[in-house]
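Coordinate analysis (summary)
Each chain, written out:
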Amino acid sequence: SAMTLPLPDIAGRYAGRTVAVVGNAANAAWQVRQIADGMAIIAVNRGVQHVAHHPALDCMVSLDANWGHAAKYATCPRIVGFDGCDHRHAYYYPAPHEVVQAGPSQVLHIRSNLITALRLAHRGGAAGVLLVGIDLPHYQAHYNAPGIVAGVAQACAQLQAAGLQVTWANNESPASAEVAP
């Protein structure tokens, strides 16, 4: 079977920049408009369909290589969580399991594409992340992802304590150019 290249050291890759981490929630197509010039983009899983042609797309993270059909248009590096992915742009990153206190007596060990993307942005020296097209309660409820809400909250708190600014894109419409009479 094919050997996947290990992910090279990314220290400094995003030095001082904001990284937009793009998911595939229903609001993603609207929220991608909030990605500003100068930001780098990390697409998470099928979120790549919203940014496949964006010039700032830097990489895609899908620990199980579940990108969907739109990924064929993206030529950026693909980061996977297993060795043996035979895609020519794939890099193996041994994403650790996060230990999440999901309830009073419920401790879960989860691997998350989103948390991996956040940690990679931080490792790459990003000053901040903008979370775009991420709807954690929906994802947890409909995609068998127990602990994702608590896990992302925990990871964000850890990263914010380490100096990473975490911002969530909003669903506000851009200000209208017309002023009502």
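Remember, predicted model here, so these are calculated numbers, not experimental data.

So, how was this worked out
Residues numbered from 1 in each chain as written. Predicted model: local features only at pLDDT ≥ 70, side-chain atom pairs only at ≥ 80, totals over all residues. Heavy atoms only, no water. Pairing = 2+ DSSP bridges. Helix = DSSP H or I, 4+ residues; strand = E, 2+ residues; numbered from the N terminus. Contact = heavy atoms within 4.5 Å. Axes fitted to C-alpha atoms, helices over the stretch in contact; angles between N-to-C directions. Parallel < 35°, antiparallel > 145°, perpendicular 65-115°, else oblique. Nonpolar A, V, L, I, M, F, W, Y, C, P; charged D, E, K, R; others polar. Phe/Tyr/Trp six-rings, centres within 6.5 Å; stacked < 30°, edge-to-face > 60°. Buried < 20%, exposed > 50% of the residue type's maximum accessible area, 1.4 Å probe, protein only.

The next thing to look at is the sheet that holds strand β6 (residues 90-92). Strand order in the open sheet formed by eight strands is β1-β6-β5-β4-β3-β2-β9-β10, and the pairing between neighbours is parallel. Of all strands in the sheet, those with a lone pairing partner are β1 (5-6) and β10 (165-168), marking the two edges. Here four bridges tie strand β2 (residues 18-22) to strand β3 (residues 40-44), and the two strands are oriented parallel to one another. Opposite Val 21, over in β3, you have Ile 42 as the bridge partner. Strands β2, β3, β4 (57-61), β5 (78-80) and β9 (128-132) of the sheet are contacted by helix α2 (residues 113-123), whose axis makes an angle of about 160° with β3.

Right, let's talk about the packing of α2 against helix α4 (residues 148-161) for a bit. Between α2 and α4, the least distance of the axes is 10 Å, while the angle of their chain directions is 10°. On the basis of the axis angle, α2 is roughly parallel to α4. The residues of α4 that touch α2, namely those facing Leu 114, Ile 115, Leu 118, Arg 119 and His 122, are Gly 151, Val 152, Ala 155, Cys 156, Gln 158 and Leu 159. Considered class by class, the residues forming the contact of α2 with α4 number seven nonpolar, three polar and one charged.

Next up on the list: the packing of aromatic side chains. Counted under the stated rule, the structure contains one aromatic pair. Here Tyr 139 and Tyr 143 contribute two aromatic rings whose centre-to-centre distance is 5.3 Å and whose plane-to-plane angle is 20°, an arrangement assigned as stacked.

Here we take up unusual backbone geometry. The phi angle at Ala 65 is positive, at roughly 55°, despite the residue not being glycine. Mapped onto the secondary structure, Ala 65 falls in the loop between β4 and β5. Using a relative accessible area of 27% as the deciding quantity, one classes Ala 65 as partly exposed. Even without being a glycine, Asn 144 presents a positive backbone phi close to 50°. Here Asn 144 lies in the loop between α3 (136-142) and α4.

Turning next to the side chain of Thr 116. Within the secondary structure, Thr 116 sits in helix α2. Look at Thr 116 and you get buried, because its relative accessible area is 6%. Beyond its immediate chain neighbours, meaning those up to four positions away, Thr 116 contacts Val 61, Leu 63, Tyr 93 and Ala 95.

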